[in-house]
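Survey of secondary and tertiary structure
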Number of protein chains: 4
Amino acid sequence: MERHAAGPGRDGFLRVLSPPTSIRLLDPLFTTDAMREVFADQARLQTMLDFTAALARAEARLGIVPTFAAAAIEAHCRAELFDPQALAYQAAAAGNLAIPLLKELTARVGERDPQAAGFVHWGATSQDMIDTGLVLQLRRATALISEDLARLADALAALAAAHKRTPLAGRTWLQQATPVTFGLKAAGWLSAIGREGVRWRELTPRAFVVQFGGAAGTMAALGDDALRVADALADDLGLRLPETPWHAQRDRVAEVATALGLTVGTLGKIARDVSLMMQTEVGEVAEPDAPGRGGSSTMPHKRNPVGSATVLAAATRVPALVSTMLAAMVQEHERGLGGWQAEWETLPEIFRLAAGALAQTLRVVAGLRIDTVRMRTNLDVTHGLILAEAVAMALAAHIGRAPAHALLEAACREAAANGRHLREVLNANADVTKHLSAADLDRLLDPANYLGAAEQLVERVLAQRPQEP
Amino acid sequence: MERHAAGPGRDGFLRVLSPPTSIRLLDPLFTTDAMREVFADQARLQTMLDFTAALARAEARLGIVPTFAAAAIEAHCRAELFDPQALAYQAAAAGNLAIPLLKELTARVGERDPQAAGFVHWGATSQDMIDTGLVLQLRRATALISEDLARLADALAALAAAHKRTPLAGRTWLQQATPVTFGLKAAGWLSAIGREGVRWRELTPRAFVVQFGGAAGTMAALGDDALRVADALADDLGLRLPETPWHAQRDRVAEVATALGLTVGTLGKIARDVSLMMQTEVGEVAEPDAPGRGGSSTMPHKRNPVGSATVLAAATRVPALVSTMLAAMVQEHERGLGGWQAEWETLPEIFRLAAGALAQTLRVVAGLRIDTVRMRTNLDVTHGLILAEAVAMALAAHIGRAPAHALLEAACREAAANGRHLREVLNANADVTKHLSAADLDRLLDPANYLGAAEQLVERVLAQRPQEP
Amino acid sequence: MERHAAGPGRDGFLRVLSPPTSIRLLDPLFTTDAMREVFADQARLQTMLDFTAALARAEARLGIVPTFAAAAIEAHCRAELFDPQALAYQAAAAGNLAIPLLKELTARVGERDPQAAGFVHWGATSQDMIDTGLVLQLRRATALISEDLARLADALAALAAAHKRTPLAGRTWLQQATPVTFGLKAAGWLSAIGREGVRWRELTPRAFVVQFGGAAGTMAALGDDALRVADALADDLGLRLPETPWHAQRDRVAEVATALGLTVGTLGKIARDVSLMMQTEVGEVAEPDAPGRGGSSTMPHKRNPVGSATVLAAATRVPALVSTMLAAMVQEHERGLGGWQAEWETLPEIFRLAAGALAQTLRVVAGLRIDTVRMRTNLDVTHGLILAEAVAMALAAHIGRAPAHALLEAACREAAANGRHLREVLNANADVTKHLSAADLDRLLDPANYLGAAEQLVERVLAQRPQEP
Amino acid sequence: MERHAAGPGRDGFLRVLSPPTSIRLLDPLFTTDAMREVFADQARLQTMLDFTAALARAEARLGIVPTFAAAAIEAHCRAELFDPQALAYQAAAAGNLAIPLLKELTARVGERDPQAAGFVHWGATSQDMIDTGLVLQLRRATALISEDLARLADALAALAAAHKRTPLAGRTWLQQATPVTFGLKAAGWLSAIGREGVRWRELTPRAFVVQFGGAAGTMAALGDDALRVADALADDLGLRLPETPWHAQRDRVAEVATALGLTVGTLGKIARDVSLMMQTEVGEVAEPDAPGRGGSSTMPHKRNPVGSATVLAAATRVPALVSTMLAAMVQEHERGLGGWQAEWETLPEIFRLAAGALAQTLRVVAGLRIDTVRMRTNLDVTHGLILAEAVAMALAAHIGRAPAHALLEAACREAAANGRHLREVLNANADVTKHLSAADLDRLLDPANYLGAAEQLVERVLAQRPQEP
């Protein structure tokens, strides 16, 4: 395999080695470009180098490392100077990426200034570099997630508000139950998305912390300067300094995974609803159309719910990946064997899928094609059965709940068996007409009259939204 | 199978039907009696009945249901009046427990007062009863977890404080790395347990909410009274009223599962450490002894780490159960088909295992037998190699970090190959002795002198603990 | 908690202690009575005792244990003589069930014959007893699964044969695609169920083996008799003797779990299809009706697909439980710490859910109510679009595949936009009518003429079924 | 981002567009180059094109497609002619890779021969192309796995044979139990690896089948030729023709995942054992050394078990990925929404990790450094306790099993408490010396005399191995 042109030339000029970020074949389907870049190989290297540069700066600020050395180190902390493929093969032997990266970095710094090379990575260990680098990636990734969650909340709020009075068949156990409104359905989605935002804010102080402990977490290599260095490092990176290193205490990163798991679960619920409402036989909504979107290689008429499929795929995959993060928490002693390594690709993969699912949902929700006529028509397919509860409640006021329920159950069975409308059956039943007139029944059997608190509930959800400053 | 004595007799007196809570064969190993009772069949029925009674009271307070009816309903809302086995078989047909339970309840209320029977479950749906009942169980279960987390934190804090200066071999990748203290290890555990407590407090407002929406979430059966009833119901039960029903938005309960997953992950990490330190060849700690505990059916000398095994079993099982809760979030429309049902046994099972793991850890930590002599002895098994970094850092100040690292690497290899102490090898190396005297080396090779910030870190963790009021 | 009447009385008569098998509240919904009994607490104890009795018999046969001792041991190997609750609490201390059970057994044998007591469990270890007991349970459980798989295959074969020519809308991505037959759908289900049967047969020789290795797998306690005892034991129990003990090599039991995982996955697919076809708006099939089945506590008209919901719940839960069995395979040395213990409740739970899912599927399939009229009607809801491919292929023979596809895509869009039938649109298009007459189009737009090889495929699947002897 | 040089030029010569296979940063650590290539983007495209070419050839053979068209199609079915990045973005819109790939392919064929273009993908659907392509990848991937399994079995057999009499401390619950041999441990590993080979052979006829069904599985687009085309296609590709398409019946591919899950579980068990034996305090084995392998960025003396860590990481990740494949089996109707898409990256990821784990295990086992002296020394660390069972069994012949067990239990406790050797304690006990002389005790307390059937068991396992032809 051909390599990119070689590194620092004899002329002393740095040469760029790292190739552009590669795209996996299914990346554009399953994730966003922005999230892909946060966890791209080059970003992985760069955040590790960011740690290394920050450490040198912090130590220089405290007089532990000479200023010239820190400057020389910082100058070489650029991912594009390194050959990721070579590092990849060296990492396979070393067991992690930090070791070959540091070796290369030290060599390059040393070519310019042998003395400075001696101060690379002063007092730190591989995991400090890898974990803090990860936290820097998490911070960017979280910002992307939060932004898209906010956008999605806006789009859902718009839907909820616009359709708070649009009647829709409520469905339980995949059977029509009683009428709801499309706005209430959207408000349910919105309510859950709103809680995701709260969770992300709460976990921030736990997740965005520096990792710095040295070989076994005592920072012994730095002697009495240890905590001052740690403080300065955290300050430089804009991260919090935790009370103790967390090399083998992984709840911080596992919690991030669980938050993503909850987010993707909620997105999966939305996608399931959308795709069911988009079924040929239901036809109440449709994913937005676009050239080349959702067609079939063989069926000219197909418009597949590609967005929902992608979200549902993520919702099938992410729970298991979250379980891996939880299982990986059982790490040995001061640094684990297998558990830590299991995290390396898993957490980025969860972000990758969550970002994709979020973007797809945003796209679907923002461009959703809504057929309110069809929603109304579908309320009639049961010939009144969907309003059986309405009549039963009205009748219960006269004859008690259980007898009313039994009477309606029989009436529903009769209507269904004979293909008649429930209205007819009820109008022909003296036990009903004794208490309810034909006009009463007409009113009771109109879905628009049996929407309960749907509108108020939508307004409660909308009122709950955090106010902009 | 024999039944317990039959129900309400002809004389009008209620008879107790429900048998005492049964114990599964592995319950005492895998959970606590207290948690078993929270999720016992009888408690399941009782919390559903608590909802039903509270609803009747709330509706009576608002004048929607006659006071006598509410009183009659409440009088029968006692789980011990019902035959769980009969309900179990009826639930298999009905699809959930609420339907047969309500049918039985209505029948019994009706035997006393046919009119009152008509007001049972007024305006609610099965899932309102089942979910709110679950939340009532969660509230008790969470209290148990929180109490044990607090006890465990106390026990860990005591360990951390007592051993903040007790040298111990730090181990990474299952290899001795550099010295730490046993107190630092305990402080790491404590720090993670402390974060669990914070998480539980944060999720409380999201989790402890009433479920009340009626058939499809609109509370239509209650007409204009809907939100007032909901408010009064929540008030009666001491739960928060959420902005909208959450029949098919399951992040609330899934989040509880993830919090338990994180807790069990941390407990698994502690158990892994304890069991490794208790290995015959390491012998630094031992689980507390007790008659009949940890013996072998065939080996007279065995003392098995039963507590750790149980915790590790939970840590193997819970991540997957959490993934089920996340996967189950994808629920259809207003109420789901399969997802909701998948939760029913899964969330209790997670609590069951978490409670057991917590109790076992508490027992192990509180009674841990600690052999500080063996800890010290084990620091010598590498013949000085464990302090190679200490010497390397000292030498680095003279010859730079990379050369010092390389020199020590060679010295370590020589020492290991020839079975010599690192001290000897270094004392015989002019590149070393040029900069470090024999006394310097003695000092550097004493683990007590290379504990870094261990003590300060322990104190930081202890200082972080929430203050008692 | 009250205990059952106490054990062996002073009069020397044995007294029954073990209570009848208890039922958990959701057992009848999620499993079968037969499977519940296979893994009931009492069966767990009995199979362990069966091992112990068989070992004594085998050793007596070889002259290692006196015949009278074997007889005395065997006489007490009855689960109903033991108090499961007391054993449960002792197991919590001991770490497994075998230790207290053996202690009790030895005490009881000793009350009758102190000499015989010395030969209880001769040369075996706890895990031999527990694992072989498990294999005895697996054998029964597997027989139950296999029988129901065979019954389900018969029911599916009947469906497939009866409906091999019944047109049905084929659906992909939840959109109508092209016509299929209902028989072909059933044949797809049948084909998968058939493969499950094959898998079960293949794994039998790996799974149904005795576990016998003594303390650490060498059978050292039996000296030179070891393998002869092992052989005789296996023979007595009708199990195969594996080439070596498998205390910490768990692929045998994990494989059983994966086979169940595949079975439940296939059942979930069937349930998903049934529940989608049963939607109010589709109405092509319905789960069989029965009194008390699938009603609602509030909606008189509801008929919920309870069977499908239960199967889908199992299909949501079992994959994660399988992952636990796989994760638990990483067991330490000669016997593991945590992994083995993680299996104890997990594998029975998988069987429990699989049996329930299988029974529910069998019930649904055997009693499925099929509405072939509705199937036919639903083929018309797209106004001909579902046959777009048929026309495109016919046209492709004249103008090439891509132009034909593009032409039909445009025609479909036009038909959908204007609410016209595809026939009309095509008949008005000269590029079409140039090649296809109105009669051609009529023929092409009849679903019955575009069923391809559906019937042949059904017959291929039916022909594939194993022949009865 | 820069693109590679553009496609077919005006001069009519094909130009290579597809870039060389990219390497992800952790690929060399977590997988093999060979497996990476099997599932590389280019291979993904190529196997889909292989299907397309084979279909054209098969249809030409049957006279359904003109020979010149098949030739033109085949000529363009080369992955390197396509721009994977462009396809990736188009796939994101289309929902799968087949649609844009076919569009591009058709365009290119059409540039050369417009008539031929009309025959691309004749009668097939996207999923036929994608799934059959996947099966072609699985066939190659399976061959790689099988080869490495065979190599690993050879290496393990060599270990088992060489050390069948090498005493080693057997350990249960992480405590020394009784002596075993290192060969017996290796034979246990070998036995499990042997079963993996059998499983792979058994699933082959189920897994290596063509997917061919057209739009909804009826092959309707091919009319009466359907099954003949399917047969010819399968024949061309060397795959079996299944009795019916399996678009939404996914047990075939899920089963492959479970087989990999079992394999990785067994590898994880080996890695756990190796890493525990390699602990600083145990030191019985070490992973093979190599320059740059397993060092530390800060500790000069470290030799980390990099191979075991990698395998354990895989064993933490793969179970969850398998659960995804099982959960994804619940696919809707004729082709699923979300489930199928969830497989696309999951199954390759499982192969990726399994191949890496297998290669790492092979490397570790083949080069394992074994310290039989240390194995022997470690048998002494309990001062005779590890042979307590041996003495107990000898004593049991005189005083019965339970009294002997109790006596030894007390003796062990005394020895441990006073730091004395078990021999001393026993020699001072008249209840022992009455039956066992000092010489008897010496013999009983020699591990070499208490290896039971270890050697025979090793030979049984070795004899079980399949014979070479």
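Values in this document were obtained by computation on a predicted structure and should not be read as measured data.

Across its full length, chain A carries 20 helices and four strands. Projected onto its principal axes, the C-alpha positions of chain A cover 100 × 50 × 40 Å. The burial tally for chain A puts 69% of its 469 residues in the buried class. Approximately 14300 Å² of chain A is accessible, and the part contributed by carbon and sulfur atoms is 52%. For chain A, the distance from the average position of its 47 positive side-chain charges to the average position of its 52 negative side-chain charges is 4 Å.

At a closest axis distance of 10 Å, the pairing of helix α11 (residues 251-277) of chain A and helix α11 (residues 251-277) of chain B adopts a crossing angle of 160°. The angle between α11 of chain A and α11 of chain B falls in the class roughly antiparallel. Considering how the two elements wind past one another, α11 of chain A and α11 of chain B form a crossing that is right-handed. Touching Asp251, Ala254, Glu255, Thr258, Leu262 and Thr266 of chain A of α11 of chain A are Asp251, Ala254, Glu255, Thr258, Leu262 and Thr266 of chain B, all from α11 of chain B. Of the residues that constitute the contact of α11 of chain A with α11 of chain B, the class distribution is four nonpolar, four polar and four charged.

The geometry of a pair of packed helices is captured by two quantities: the angle between their axes and the separation between those axes. Residues and elements named next belong to chain D. Following both chains from N to C, one finds helix α11 (residues 251-277) and helix α13 (residues 339-366) inclined at 30°, their axes separated by 9 Å at the closest point. The angle between α11 and α13 places the two elements in the roughly parallel class. Pair α11 / α13 crosses with left-handed handedness. Residues Val253, Val256, Ala257, Leu260, Val264, Leu267, Ile270 and Val274 of α11 lie in contact with α13, whose contacting residues are Glu343, Leu347, Ile350, Phe351, Ala354, Ala357, Leu358, Thr361, Val364 and Val365. Of the residues that constitute the contact of α11 with α13, the class distribution is 16 nonpolar, one polar and one charged.

A few words now on the interface of chain B and chain D. Tallying the contact residues gives 41 residues for chain B and 41 residues for chain D. Taken over both partners, the interface formed by chain B and chain D buries close to 3600 Å², and the fraction arising from carbon and sulfur atoms is 54%. Joining chain B to chain D, the criterion identifies four salt bridges. Of the charged contacts in the structure, one is a salt bridge between Glu281 of chain D and Arg171 of chain B, with a shortest N-O distance of 2.8 Å. Counting the contacts that link chain B with chain D gives nine residue pairs in polar contact (both at pLDDT 80 or more). Of all the secondary structure elements, the ones that give two or more residues to the side of chain B that touches chain D are β1 (167-172), β2 (175-181), α11, α12 (306-327), α15 (388-399) and α16 (401-418) of chain B. With six residues, the single largest contributor to the side of chain B that touches chain D is α16 of chain B. Considering only residue class, the side of chain B that touches chain D consists of 18 nonpolar, 14 polar and nine charged.

Mapping chain B onto chain D leaves a residual RMSD of 0.0 Å; the transformation is a rotation of 180° accompanied by 0.0 Å of translation along its axis. Taken together, the turn and the small shift mark the pair as related by a two-fold rotation axis. Considering only C-alpha atoms, the residue of chain B closest to the rotation axis is Glu281 of chain B, which sits at 3.1 Å.

Before going further, it helps to spend a moment on helix α15 (residues 388-399) of chain A. Residue and element names in this part refer to chain A. In this model, α15 (twelve residues) spans 15 Å end to end at C-alpha, consistent with the 16 Å of a helix rising 1.5 Å per residue. When we look at burial in α15, the residues that qualify are Ala388, Glu389, Ala390, Val391, Ala392, Met393, Leu395 and Ala396. In this structure, the buried side of α15 is in contact with β2 (175-181), α16 (401-418), α17 (422-427), α18 (430-433) and α19 (438-444). Just past α15, the residue Gly400 takes up positive phi, approximately 95°.

On to the pattern of salt bridges. When the charged atoms of two side chains lie near each other, side chains of opposite charge can form a pair. Residue and element names in this part refer to chain C. Tallied over the entire structure, the rule returns 165 salt bridges over all chains. A salt bridge links Lys164 to Glu459; the nearest nitrogen and oxygen atoms lie 2.7 Å apart. On the criterion of sequence distance, the pair formed by Lys164 in the loop between α8 (126-162) and β1 (167-172) and Glu459 in helix α20 (residues 454-464) is long-range, its members being 295 residues apart. We classify Lys164 as buried; its relative accessible area is 19%.

Once that is clear, we can look at the side chain of Thr244 of chain B. Along the chain, Thr244 of chain B falls in the loop between α10 (226-237) and α11. Note on Thr244 of chain B: relative accessible area 5%, which makes it buried. When residues no more than four places from it in sequence are discounted, the contact partners of Thr244 of chain B are Leu184, Ser191, Leu457 and Val461 of chain A.

We now examine the relation of the copies chain B and chain A. Superposing chain B onto chain A takes a rotation of 180° combined with a translation of 0.0 Å along the rotation axis, leaving an RMSD of 0.0 Å. Interface overlap between copies is the fraction of interface residues in one copy that are interface residues in the other; for chain B against chain A it reaches 100%, indicating a shared surface.

Below, the discussion takes up the pairing of strand β1 (residues 167-172) of chain A. With six of six residues buried, β1 of chain A is to be regarded as a mostly interior element. As consecutive antiparallel partners, β1 of chain A and β2 of chain A are separated by two residues, and within that stretch Trp173 of chain A has a phi angle of approximately 55°, a positive value.

Turning to the interface of chain B and chain A, a few remarks are in order. How big an interface is tends to be stated in terms of accessible area lost as the parts join. Contacts between the two partners involve 96 residues from chain B and, on the opposite side, 96 residues from chain A. Roughly 8200 Å² is buried in total at the junction of chain B and chain A, and carbon and sulfur atoms are behind 62% of that figure. Remark: the boundary between chain B and chain A carries 13 salt bridges. For Arg199 of chain B, the salt bridge is made with Asp251 of chain A, and the minimal N-O distance between the two is 2.8 Å. Scanning the region where chain B abuts chain A turns up 40 residue pairs in polar contact (both at pLDDT 80 or more). Broken down by element, the residue count for the side of chain B that touches chain A peaks at 15 residues, all from α11 of chain B.

Take the pairing of strand β2 (residues 175-181) of chain D next. Residues and elements named next belong to chain D. Of all seven residues in β2, seven are buried, a share of seventy percent or more. As defined by bridge partners, strand β1 (residues 167-172) adjoins β2 across five bridges and the pair is classed as antiparallel. Note on β2: the bridge partner recorded for Leu168 is Val180.

Here Thr280 of chain D shows up in the loop between α11 and β3 (285-286). Take Thr280 of chain D: its relative accessible area is 18%, and that puts it in the buried class. The contact partners of Thr280 of chain D, leaving out residues within four places of it in the chain, are Leu174, Gln175, Gln176, Val381 and Thr382 of chain B together with Arg374 of chain D.

Residue and element names in this part refer to chain A. Residue-level pLDDT values for chain A average 92, and 94% of them are 70 or greater. Within the model, pLDDT remains below 50 along residues 1-13, and this stretch shows 21 contacts once partners closer than five positions in the same chain are excluded. Our summary of model confidence lists the complex with pTM equal to 0.96 and ipTM equal to 0.94.

Rules behind the numbers
- Residues numbered from 1 in each chain as written.
- Chains lettered and ligands numbered in written order.
- Predicted model: local features only at pLDDT ≥ 70, side-chain atom pairs only at ≥ 80, totals over all residues.
- Heavy atoms only, no water.
- Helix = DSSP H or I, 4+ residues; strand = E, 2+ residues; numbered from the N terminus.
- Buried < 20%, exposed > 50% of the residue type's maximum accessible area, 1.4 Å probe, protein only.
- Areas by Shrake-Rupley, 256 points an atom, 1.4 Å probe, with all protein chains shown as cover.
- Lys, Arg positive; Asp, Glu negative; His and termini not counted.
- Charge placed at Lys NZ, Arg CZ, Asp CG, Glu CD.
- Axes fitted to C-alpha atoms, helices over the stretch in contact; angles between N-to-C directions.
- Parallel < 35°, antiparallel > 145°, perpendicular 65-115°, else oblique.
- Left-handed = near helix turned anticlockwise from the far one by under 90°.
- Contact = heavy atoms within 4.5 Å.
- Nonpolar A, V, L, I, M, F, W, Y, C, P; charged D, E, K, R; others polar.
- Buried area = accessible area lost by both parts, 1.4 Å probe.
- Salt bridge = Lys/Arg side-chain N within 4 Å of Asp/Glu carboxyl O.
- Polar contact = N/O pair within 3.5 Å; in protein donor to acceptor, adjacent residues only side chain to side chain.
- Least-squares fit on C-alpha atoms with pLDDT ≥ 70 in both.
- Expected span 1.5 Å × (residues − 1).
- Pairing = 2+ DSSP bridges.
- pLDDT = per-residue confidence, 0-100.

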